[in-house]
Amino acid sequence: MTKGTSPKEKDMKLGIVGLPNVGKSTLFNSLTKAGAQAANFPFCTIDPNVGIVPVPDERIEKLGELYHTKKVTHAAIEFVDIAGLVKGASKGEGLGNQFLANIREVDAIVHVVRCFEDSNVIHVEGSVDPARDIETINMELIFSDLEILERRISKVAKQAKMDKTLGKELAMLEELKAHLDEGRVARTFEVPEDEDLIQAFNGYNLLTAKKTIYAANVSEEDLADDGASNRYVASVRELAKEEGNGVFVISAKLVVDAATIVHDAMAHLLDALEEEEKKEFLADLGVESSGLDKLIAASYELLGLISFLTAGEDECRAWTIKRGTKAPQAAGKIHTDFERGFIKAEVVNYKDLLELGSLTAAKEKGIVGLEGKDYVVKDGDVILFRFNV
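Residues numbered from 1 in each chain as written. Predicted model: local features only at pLDDT ≥ 70, side-chain atom pairs only at ≥ 80, totals over all residues. Heavy atoms only, no water.

Focus: the overall build of the protein chain
Note the following rule: The helix and strand labels rest on DSSP assignments: H or I over at least four residues marks a helix, E over at least two residues marks a strand, and numbering proceeds from the N terminus. Think of it in three bands: residues with accessible area under 20% of the maximum for their type are buried, residues over 50% are exposed, and the middle band is partly exposed, with areas taken using a 1.4 Å probe on protein chains only. Between two residues, a contact is recorded if the distance between any of their heavy atoms is within 4.5 Å. Calculation of accessible area relied on Shrake-Rupley with a 1.4 Å probe; when residues are assessed, cover is drawn exclusively from the protein chains displayed.
Scanning the protein chain from N- to C-terminus turns up 14 helices and 12 strands. Looking at the protein chain residue by residue over its 389 residues, the buried ones come to 48%. Contacts spanning at least 24 positions in sequence make up 71% of the contacts within the protein chain whose residues lie at least 6 apart. Looking at the protein chain as shown, the accessible area adds up to about 19500 Å², and 50% of this sits on carbon and sulfur atoms.

So, in structure tokens, the structure goes:
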């Protein structure tokens, strides 16, 4: 069995944004181990850094052991880290706005917010104030979205003269522009209950329409209680609650510092540790889960994602889908032919499969369901799809 096989395709794409020197590239490094440059001055990150990492999932590893599979393929997340944004980026200040296009296709935005005091690390605004910093970034994203809307309005206005059906989209665009002009993000805009308008709105790929996960970057000391005693984290959590967004607390510097202390030997050691040993290492630091685990949990919850599993001697694999997805559409995640020719799905919970030791034993026990097109896939389902094309 090949453990930790790197997936070729991503199941989720997250864009990392924030002011300079808040820990964006350090977070990217700790999540992806990709070695993105991190330094104490603005615009260190010029070209966007991209890294794809497997989603830790012990379920698929255990299934791999059960099937003695040749290959284990985890779900995957692609991270895109762009240059630090500063006030006025949309008007040509700094370099950040040049790279916002790189995150227009992401599923959600990870907004890194500095929640630690350190006189050795410069803050571009001269002080630590998460609410102010969040507003600064949001305004730059709004300005970038306004550029997109203005171009779209110009185009639709011309086309609407010949095609009257575009009038309703033009009206929505103008309302949406007025909404953003007031400093409000697109995700708080009420899109009319019209399928064409909903599709059009989604097609704009507005940055401020995307779900956001705030990464509250704290000192190592504040990590043990998950930032509960940190007043900066409290302000981020309050803001996120109002917006309906997620928050996770991380000390992005922790993993990098640990590797630095014992140089590359520690980094190689951490890579070699089994999952239980990693947990013990984190527990010694007073930490229950890694930054990647926290981010994945926050991302899946915010985006309403779950994973179903496929298992066999050739490959055991985790597949990420939206909660509420029905069996044929889940099959289509594997291959379009599976959805087009869907017949039935043999479904068993992974815990039952592991406990009984084989699909045959599970069938004999009568706990393998034969499900049709209306079956809603559940997290942890192990599925064998039957199809005919």
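Thoughts on the sheet that holds strand β1 (residues 12–17)
Keep this limit in mind: Pairing between strands is defined by DSSP: at least two bridges between them are needed. Axes here mean lines fitted to C-alpha atoms, for a helix over just the part in contact, with angles spanning 0 to 180 degrees between N-to-C directions.
Read across the open sheet, the 6 strands follow the order β2-β4-β1-β5-β6-β7; overall the sheet is mixed. Lying at the two open borders of the sheet, with one neighbouring strand each, are β2 (49–54) and β7 (246–250). Each strand of the sheet is rotated relative to its neighbour by a mean of 25 degrees, with strand direction disregarded. Relative to β7, helix α6 (residues 231–243) is tilted by about 160 degrees, and along the sheet it contacts β5 (108–114), β6 (211–217) and β7.

Topic: empty space enclosed by the protein
Basically, it comes down to this: Buriedness for pockets is judged along seven lines, at least five of which must meet protein on both sides within 12 Å for an open set on the 1 Å grid over protein atoms alone, while cavities are sets there where a 1.4 Å probe fits but cannot get out, and lining residues have an atom within 4 Å of a point. Grid points are joined across faces, edges and corners, and a volume is the space filled by probe spheres set on the points. By the convention adopted, Pro, Cys, Tyr, Trp, Phe, Met, Ile, Leu, Val and Ala count as nonpolar, Lys, Arg, Asp and Glu as charged, and the other residues, Gly among them, as polar.
For the structure on display, the rule yields 1 cavity of 30 Å³ or more. Of the volumes computed, that of the largest cavity is approximately 40 Å³. In terms of lining, the largest cavity is formed by V17, I109, H111, N138, L141, R187, L207, T208 and T212. Going through the elements one at a time, β5 and α3 (130–160) are the ones with two or more residues in the lining of the largest cavity. In the lining of the largest cavity, the residues fall into 4 nonpolar, 4 polar and 1 charged.

Examining the packing of aromatic side chains
Test applied: Aromatic rings from Phe, Tyr and Trp, taking only the six-membered ring of Trp, are treated as a pair when their centres fall within 6.5 Å; an angle between ring planes under 30 degrees marks them as stacked, one over 60 as edge-to-face, and anything in between as tilted. Sitting over a ring, as applied to charges here, requires NZ of Lys or CZ of Arg to be within 6 Å of the ring centre and within 35 degrees of the ring normal.
Evaluation of the coordinates by the stated rule reveals 6 aromatic pairs. The interplanar angle of 90 degrees and the centroid separation of 6.0 Å between the aromatic rings of F308 and F385 together place this pair among those described as edge-to-face. With F308 in strand β8 (residues 305–310) and F385 in strand β12 (residues 381–387), this residue pair connects regions lying 77 residues apart in the sequence. The buried category is assigned to F308, whose relative accessible area is 0%. Joined through ring pairs, the aromatic side chains of F308, W319, F342 and F385 make up one cluster. The positively charged end of R59 is found above the aromatic ring belonging to Y350, 5.6 Å away from the centroid.

Focus on the packing of helix α4 (residues 167–181) against helix α5 (residues 195–203)
Axes are the key here: two packed helices are described by the angle between their axes and the distance separating the axes. The condition that has to hold: Angles below 35 degrees are treated as roughly parallel, those above 145 as roughly antiparallel, those between 65 and 115 as roughly perpendicular, and all remaining angles as oblique. Here a crossing is called left-handed whenever its near helix is offset anticlockwise from the far helix by less than a right angle, and right-handed whenever the offset is clockwise.
It is at 10 Å that the axes of α4 and α5 come closest, and there the two elements cross at 50 degrees. In terms of orientation, α4 and α5 fall into the oblique class. In the crossing of α4 with α5, the sense of the turn from one axis to the other is right-handed. Of the residues in α5, those in contact with K168, E169, M172 and L176 of α4 are D196, L197, A200 and F201. Along the lines of polarity and charge, the residues of the contact of α4 with α5 split into 5 nonpolar, no polar and 3 charged.

A word on α5
The condition is simple: The arc in question is the one traced by the directions running from the helix axis out to the C-beta atoms. Any N or O atom pair separated by 3.5 Å or less is treated as a polar contact, with the protein-specific requirement of one donor-capable and one acceptor-capable atom, and with residues adjacent in sequence counted only for side-chain atom pairs.
What α5 keeps buried is the set L197, A200 and F201. Viewed end-on, α5 has its buried residues packed into an arc of 100 degrees, placing them on one side of the element. Pointing more than 90 degrees away from the buried face of α5 are the exposed residues E195, Q199 and G203. Residues of α5 that are buried make contact with α4. Sitting at the head of α5, D194 places a side-chain oxygen 2.8 Å from the backbone nitrogen of D196. Directly beyond the C-terminal end of α5, a positive phi value near 55 degrees is found at N205.

As for the pattern of salt bridges
Heads up, the condition is: Salt bridges, as used here, are contacts in which a Lys or Arg side-chain nitrogen is within 4 Å of a carboxyl oxygen on Asp or Glu.
Using the criterion set out here, one finds 19 salt bridges in the structure. A salt bridge links E169 to R152; its shortest N-O distance comes to 3.1 Å. You can see E169 sitting in helix α4 and its partner R152 sitting in helix α3, a full 17 residues away along the chain. You can call E169 buried: its relative accessible area is 7%. Judged by its relative accessible area of 26%, R152 is partly exposed. Where R187 meets E243, a salt bridge forms, and the shortest distance between an N and an O atom there is 4.0 Å. Placement of the pair is R187 in the loop between α4 and α5 and E243 in helix α6, with a sequence separation of 56 residues. Salt bridges sharing partners connect three or more residues here, namely D57, R59 and D379.

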